[in-house]
Amino acid sequence: MSAPKKLFIKTYGCQMNVYDSERMAEALGGEGYVETKSPDDADMILLNTCHIREKAAEKVYSELGRFKGLKAEKPDLKIGVAGCVAQAEGQEIMRRQPLVDLVVGPQSYHRLPEMEAKAREGEKVLDTDFPEEDKFEKLKNRPKAKRGPTAFLTVQEGCDKFCAFCVVPYTRGAEVSRPADRILREAQDLVERGVREITLLGQNVNAYHGAGANGDMTLAQLIWELDKVDGLERIRFTTSHPNDMQDDLIEAHGTCAKLMPYLHLPVQAGSDKILKRMNRAHTTESYLRLIERIRAARPDILISGDFIVGFPEETEADFQATLDLVEEVKYGTAYSFKYSTRPGTPAAERPQVDPKEADDRLQRLQALLTKQQREVQDSMVGRDVTVLFEKVGRFPGQMVGKSDYLHAVHVADCDRAIGDLARVRILSSGANSLAGALID
Ligand code: SAH
Ligand code: SF4
Ligand code: F3S
């Protein structure tokens, strides 16, 4: 028998890409590939790319350039580009970087085995179609390896919202929900392989409307079905759009014990003028009322968000309104970005904010968000939380896991195993994590 071929995958961007990379590894596993952690001994290198900001896309080209020496030493090495840069730039990638043998868009991963075979014969292959079939369905029936305690599960892909800054509707296509029975089967399978916590993924996960036994289901209905899966202890979902936060989902946060008290609900900006120009279809006021209703259903919920500063025509007063909104909401975590021009999106054509000014605003926003994050984390001290242990710590007897609120928690003298859940009293709060002790 010949030695297995080695596959190196590097993943950029969002959790959807993390999930997709796992599926690609499984698909190529069926063709005799095993994963390697180093590009140096790989027979195939795949970059699963992100196009969300300009820097993310440029990183891909500089990474590809670095493989030149490797390919010269090893002419049989195949190099592929997958993900959102592949979808957005297609053939252009091969023109710009002749080292690339294969370009595959996010909707075509189930075709990777055929593409790999063609690439082996020396062909340059490209597939960036949006096919009708469910790529995940085609990718199933792979070997059932044991898994860690947490997993992602994609339930919905694509986006019809067309925020004026964003490439996702172009790279991931129109919104599509997977049928509920397939998701439930996949969840069951994950649990049998050791998973205790599942994060449901979608670019607009709360717009989920997949087919169920009695017509289309909402995300809340899907969560209640998952609630019945024995052995599954925790459910999370990301990313939500404020306008798709339906009543039954808000209610589930108060009534479904397996649904964790954490919600990522991006607002992007706090000025109604900017929100309108972003085509966000919500206002500051409607967002704040929504947060109020969510907190009424689940008072201790941790809110997380995304922000863009320096969006075209943002004034100092508009930016101040973003700071005011942050003060009012109080975020437990948040991601903030400087606006990055994406060719082909409506905002790219508009008057841009001075980059120095945008940098300054980003720093001010991040200072406030970091302060809030620390305050929320510090407020956990003295409280009891449930921790799902994910790995052993750096010190003997120490275990590390995540609380219900997604804070990292270190527990000393811990006799529990990876995958166990335990009640923990929080004793102190550090730079990026909490420390606690088991409660018997
Ligand atoms: N579907 C999700 C987010 C997808 S992209 C949602 O609607 O919330 C993740 C984040 O990247 C966005 O929330 C936004 O804050 C940021 N982002 C997207 N396009 C951007 C751009 N052109 N420049 C800067 N940040 C951007
Ligand atoms: Fe992009 Fe807006 Fe869709 Fe989110 S909702 S993926 S930001 S277009
Ligand atoms: Fe990036 Fe594509 Fe995700 S652009 S954020 S990898 S959907």
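As a starting point, this report considers the structure included with it. Keep in mind that what you see is a predicted model, and the values were worked out from it rather than measured.

The next subject is the sheet that holds strand S20 (residues 421–429). An order of S17-S18-S19-S21-S20 is seen for the 5 strands of this closed barrel, with the pairing classed as mixed. Between one strand and the next, the sheet's axes are offset by a mean angle of 50°, whatever the strand orientation. As paired elements, strand S19 (residues 408–411) and strand S21 (residues 434–438) share 3 bridges and run parallel to each other. Bridged to His-410 within S21 is Ala-435.

Lining the immediate environment of ligand 1, one finds 15 residues, of which Phe-165, Gln-203, Gln-268, Asp-306 and Ser-340 sit closest. Here a nitrogen atom of ligand 1 sits 2.7 Å away from a polar atom, N or O, in the main chain of Gln-203. Taking Asp-306, its side chain carries an N or O atom lying 2.6 Å from an oxygen atom of ligand 1. Taking 540 Å² as the accessible area of ligand 1 by itself, protein coverage stands at 89%. For the shell around ligand 1, the secondary-structure elements that each account for two or more residues are strand S15 (302–309) and strand S16 (333–338). Of the residues assigned to the shell around ligand 1, the class counts are 6 nonpolar, 4 polar and 5 charged.

Applying the stated criterion across every chain yields a total of 4 aromatic pairs. Taking 5.6 Å as the distance between ring centres and 75° as the angle between the ring planes, the aromatic pair formed by Phe-162 and Tyr-170 counts as edge-to-face. Judged by its relative accessible area of 40%, Tyr-170 is partly exposed. Between Phe-307 and Tyr-331 the ring centres are 5.2 Å apart and the planes differ by 85°, which places this aromatic pair in the edge-to-face class. Of this pair, Phe-307 sits in strand S15 while Tyr-331 sits in the loop between helix H14 (316–329) and S16, placing them 24 residues apart in sequence. Tyr-331 shares its class with Phe-307; the two are buried. An aromatic cluster of three or more residues is present, and its members are Phe-165, Phe-311 and Tyr-339. Of note, Arg-53 hangs over the ring of Phe-337, and the distance from its end group to the ring centre comes to 3.7 Å.

This part takes up the site of ligand 2. Near ligand 2 you find Cys-159, Lys-161, Phe-162, Cys-163, Phe-165, Cys-166, Val-168, Pro-169, Asn-204, His-241 and Arg-280, and these make up its full shell. Broken down by class, the residue content of the shell around ligand 2 amounts to 7 nonpolar, 2 polar and 2 charged.

What counts as what
Residues numbered from 1 in each chain as written. Chains lettered and ligands numbered in written order. Predicted model: local features only at pLDDT ≥ 70, side-chain atom pairs only at ≥ 80, totals over all residues. Heavy atoms only, no water. Pairing = 2+ DSSP bridges. Helix = DSSP H or I, 4+ residues; strand = E, 2+ residues; numbered from the N terminus. Axes fitted to C-alpha atoms, helices over the stretch in contact; angles between N-to-C directions. Near = heavy atom within 4 Å. Polar contact = N/O pair within 3.5 Å; in protein donor to acceptor, adjacent residues only side chain to side chain. Areas by Shrake-Rupley, 256 points an atom, 1.4 Å probe, with all protein chains shown as cover. Nonpolar A, V, L, I, M, F, W, Y, C, P; charged D, E, K, R; others polar. Phe/Tyr/Trp six-rings, centres within 6.5 Å; stacked < 30°, edge-to-face > 60°. Buried < 20%, exposed > 50% of the residue type's maximum accessible area, 1.4 Å probe, protein only. Lys NZ or Arg CZ within 6 Å of the ring centre and 35° of its normal.

Function cannot be read off these values alone, since they describe shape.
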